[in-house]
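# Per-entry structural report
One letter stands for each residue in the lines below.
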Amino acid sequence: MLDGKRILLIVGGGIAAFKALDLIRRLRERGAVVTPVLTRAAEEFVTPLSASALAAHKVYRDLFDLTDEAEMGHIELSRAADLVLVAPATADLMGKMASGLADDLASTLLMATDKRVLIAPAMNLRMWLHPAVQRNLALLKGDGVLIAGPNEGEMACGEYGPGRMAEPPEIVAAVEAALAEGPLKGRHVIVTSGPTHEPIDPVRYIANRSSGAQGAALARALTGLGADVTFVTGPAEVPPPGGVRVIRVETAQQMLEAVEAALPADAAVFAAAVADWRVANAAERKMKKDGSGRPPTLEFSENPDILARVSQLDEGRPCLVIGFAAETDDLVVNATAKRARKGCDWIVANDVSPATGIMGGDENAVTLITAAGAEQWPRMGKDQVANRLAQLISKALA
Ligand code: C5P
């Protein structure tokens with residue numbers, strides 16, 4: 001909940017600005033007090049009257065609105081907030097933020113604030129992928145700005161790709177995560193999630209059926225308890241939750257590098273379904289049939305075991321290292337042996353026989369294996385498994 005939290009909402013001028021109205025409504029439903037600020041361009045998409053009616057609050061539009069003695073100055077306005085939210089954050093606003101320009105009310109507030117800033121970028125995919133925007137994004141992340149989205153999808157201009165603003169519920173979740181002051185506040189947790197893709201050639205790869213649902217649910221639950229989560233994800237079906245630092249990778253090797261770069265951490269949870277093998281003779285160019293009728297022979301080499309490596313670190317090992325074990329037979333025996341072999345603290349074991357419907361489904365039936373033995377949990381939603389595990393992690397780190 002956002003009871004009484006003050007959100008300064010800066011609405012940039014893009015087609016996604018219409019979603020800002022729904023966002024205001026949802027933030028208020030959660031108990032937040034929303035002060036909207038519209039850029040000049042935003043007013044082409046939404047009217048100050050509708051923003052002010054939904055927010056039940058005065059809308060600020062111009063730097064010179066604030067010169068009146070009766071009004072707050074831009075310093076006070078930006079500092080009175082608990083969080084500054086920019087939605088949609090256009091390429092222009094991101095550029096101003098990254099280079100320190102302050103030539104209108106929105107950019108001046110962003111420079112004057114000492115509070116956390118969360119942006120929800122929205123733009124055409126070509127703009128999003130432009131090196132200048134990506135450069136600005138990296139600068140903003142380095143400045144500690146939190147980013148929600150963007151998502152991949154159909155754009156207003158009819159194209160398809162990354163650049164769609166995160167949906168209002170996702171932005172609300174990211175706001176809650178940014179303001180959360182749970183028992184894991186100040187704790188850094190790394191979560192790996194999703195499958196890995198191991199290339200055969202530039203267009204083909206070996207993958208697995210992991211949807212990334214359990215990893216995403218866990219990251220969300222940990223964020224909900226206030227943790228600072230680094231979410232290292234392979235190409236998963238389920239999008240990452242809001243409010244986490246997302247690092248996207250494809251291969252096991254890249255996942256290992258991303259995890260190592262994210263250390264130190266208080267805890268690390270390895271929910272990813274990492275490919276055990278990669279193609280050793282992956283081709284640099286697309287393989288073609290050579291007319292001989294003989295299929296190519298793939299050779300494999302073993303991937304690094306990320307969980308084992310992190311569990312066995314001499315220096316900088318997280319206090320709590322948790323692995324997952326998807327098994328089809330002798331669940332407890334195999335998972336207990338795995339815990340010992342890899343050197344992790346806990347193993348979350350689950351039966352992924354096709355009859356269970358767990359792989360790709362919404363539910364999970366897990367057995368938690370710790371030094372104290374095996375504890376079987378009843379079958380429950382993946383979100384509930386995540387919440388219960390997050391609570392236990394929080395207790396273990398207390
Ligand atoms: O050995 P197995 O793949 O069953 O182990 C599962 C656990 O180990 C999971 O937590 C998975 O994320 C992790 N793992 C890993 N790196 C690998 C293989 C598995 O981190 N190369």
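The residue numbering used here restarts from 1 in each chain and proceeds along that chain's sequence as written. It should be noted that, the model being predicted, local features are given only for residues of pLDDT at least 70 and side-chain atom pairs only at 80 or more, the latter also being counted only at that level, while totals for whole chains, interfaces and linings use all residues. Hydrogens and water are ignored here; the side-chain numbers use all heavy atoms of the structure.

Glancing now at the site of the ligand. All residues in the neighbourhood of the ligand are listed as F270, A272, V274, D276, P304, D305, I306, L307, G323, F324, K338 and K342. Take A272: an N or O atom from its main chain is 2.7 Å from an oxygen atom of the ligand. Contacts described as polar in this section are N or O atom pairs within 3.5 Å, which, within protein, must combine one atom able to donate a hydrogen with one able to accept it, while residues neighboring in sequence count only if both atoms come from side chains. Within the side chain of K338, an N or O atom sits 2.3 Å from an oxygen atom of the ligand. Here the accessible surface of atoms and residues is derived via Shrake-Rupley with a 1.4 Å probe, and residues count as covered only by protein chains that are part of the display. A total of 450 Å² of accessible area belongs to the ligand in isolation, and the protein chains cover 88% of it. Helix and strand definitions follow DSSP, with helices as H or I runs of at least four residues and strands as E runs of at least two, each counted in order from the N terminus. For the shell around the ligand, the secondary-structure elements that each account for two or more residues are helix 11 (306-311), strand 16 (320-327) and helix 12 (331-342). Its residues assigned to classes, the shell around the ligand comprises seven nonpolar, one polar and four charged. Whether a residue is near a molecule or strand depends on its heavy atoms: if one lies within 4 Å, it is near. Amino acids outside the nonpolar list (Ala, Val, Leu, Ile, Met, Phe, Trp, Tyr, Cys, Pro) and the charged list (Asp, Glu, Lys, Arg) are all regarded as polar, and Gly is one of them.

Here we come to the domain arrangement of the chain. Parsing the chain into structural domains produces domain 1 (6-178) and domain 2 (188-397). The gap between the C-alpha centroids of domain 1 and domain 2 is 34 Å. The start and end points of each domain follow an automatic or database-based domain assignment.

Turning our attention to the pattern of salt bridges. Salt bridge, as applied in this entry: a Lys or Arg side-chain nitrogen positioned within 4 Å of an Asp or Glu carboxyl oxygen. Following the criterion strictly, the structure yields 23 salt bridges and no others. In this structure, R388 and E375 form a salt bridge, with 3.8 Å as the shortest nitrogen-oxygen distance. Residue R388 is located in helix 13 (residues 382-397), and its partner E375 is located in strand 20 (residues 373-376); the two are separated by 13 residues in the primary sequence. Buried residues are those whose accessible area, probed at 1.4 Å on protein chains only, stays under 20% of the maximum for their type, while exposed residues exceed 50% and partly exposed ones sit between those limits. Taking the relative accessible area as the measure of exposure, R388 reaches 33% and is therefore partly exposed. Given a relative accessible area of 40%, E375 falls into the partly exposed group. The structure contains a network of salt bridges with shared partners spanning D22, R25, R26 and E29.

A word on the packing of helix 9 (residues 213-224) against helix 13. Fitted lines through C-alpha atoms give the axes, limited to the stretch in contact for helices. The angle between two N-to-C directions lies from 0 to 180 degrees. Following both chains from N to C, one finds helix 9 and helix 13 inclined at 45 degrees, their axes separated by 8 Å at the closest point. Taken together, the axes of helix 9 and helix 13 lie oblique to each other. Like other packed secondary-structure pairs, helix 9 and helix 13 cross with a definite hand, here right-handed. Taking contact as the criterion, the partners of A213, Q214, A217, L218, R220, A221 and L222 in helix 9 are, on helix 13, K382, D383, V385, A386, N387, L389, A390 and I393. Of the residues contributing to the contact of helix 9 with helix 13, the split by class is 10 nonpolar, two polar and three charged. Here the word oblique covers every angle except those under 35 degrees (roughly parallel), over 145 (roughly antiparallel) and from 65 to 115 (roughly perpendicular). Take the far helix as your reference; a near helix turned counterclockwise from it by less than a right angle gives a left-handed crossing, and one turned clockwise gives a right-handed crossing. Contacts between residues were defined by any pair of non-hydrogen atoms, one from each residue, lying within 4.5 Å.

A word on the nonpolar core. L27, L85, I171 and V175 are the most contacted members of the largest nonpolar core, which has 34 residues in total. Top contributing element to this core by residue count: helix 8 (residues 168-179), with six residues. With residues near it in sequence (within four places) discarded, I171 still touches L23, L85, A87, L118, A120, M165 and A166. Only buried residues count toward a nonpolar core, which is a set of Ala, Val, Leu, Ile, Met, Phe, Trp, Tyr and Cys residues joined through side-chain atoms within 4.5 Å. With 32 residues, the next largest nonpolar core counts L184, A216, A227 and A386 among its residues.

As a further point, take the environment of A386. Secondary-structure assignment places A386 in helix 13. In this structure the C-alpha to C-alpha distance between A386 and V249, which are 137 residues apart in sequence, comes to 22 Å. Setting aside chain neighbours within four positions, we find A386 in contact with Q214, A217, L218 and A221.

Grid points spaced at 1 Å and placed over the protein atoms alone form the basis of the search, with a cavity being a set where a 1.4 Å probe fits but cannot get out and a pocket an open set showing protein on both sides within 12 Å along at least five of seven lines. Lining residues have an atom within 4 Å of a point. Grid points are joined across faces, edges and corners, and a volume is the space filled by probe spheres set on the points. There is about 1,300 Å³ of room inside the largest pocket. Taken together, 47 residues line the largest pocket, and the ones lying closest to its centre are I147, G149, V244, R245 and V246. Looking at the lining of the largest pocket, the elements that each hand over two or more residues are strand 4 (116-121), helix 6 (125-129), helix 7 (131-142), strand 5 (146-147), strand 6 (151-154), helix 8, strand 11 (228-233) and strand 12 (245-248). The element best represented in the lining of the largest pocket is helix 8, accounting for four residues. Along the lines of polarity and charge, the residues of the lining of the largest pocket split into 26 nonpolar, 11 polar and 10 charged.

An order of 2-1-3-4-5 is seen for the five strands of this open sheet, with the pairing classed as parallel. On the outer flanks of this sheet lie strand 2 (33-38) and strand 5, each paired with one strand and no other. Both strand 3 (residues 83-89) and strand 4 contribute to a ladder of five bridges, which runs parallel. Following the sheet pairing, A89 is matched in strand 4 by P121. Set on the sheet, helix 8 makes contact with strand 1 (6-11), strand 3, strand 4 and strand 5; between it and strand 3 the angle comes to about 155 degrees. Note: two strands are recorded as paired if DSSP finds a minimum of 2 bridges between them.

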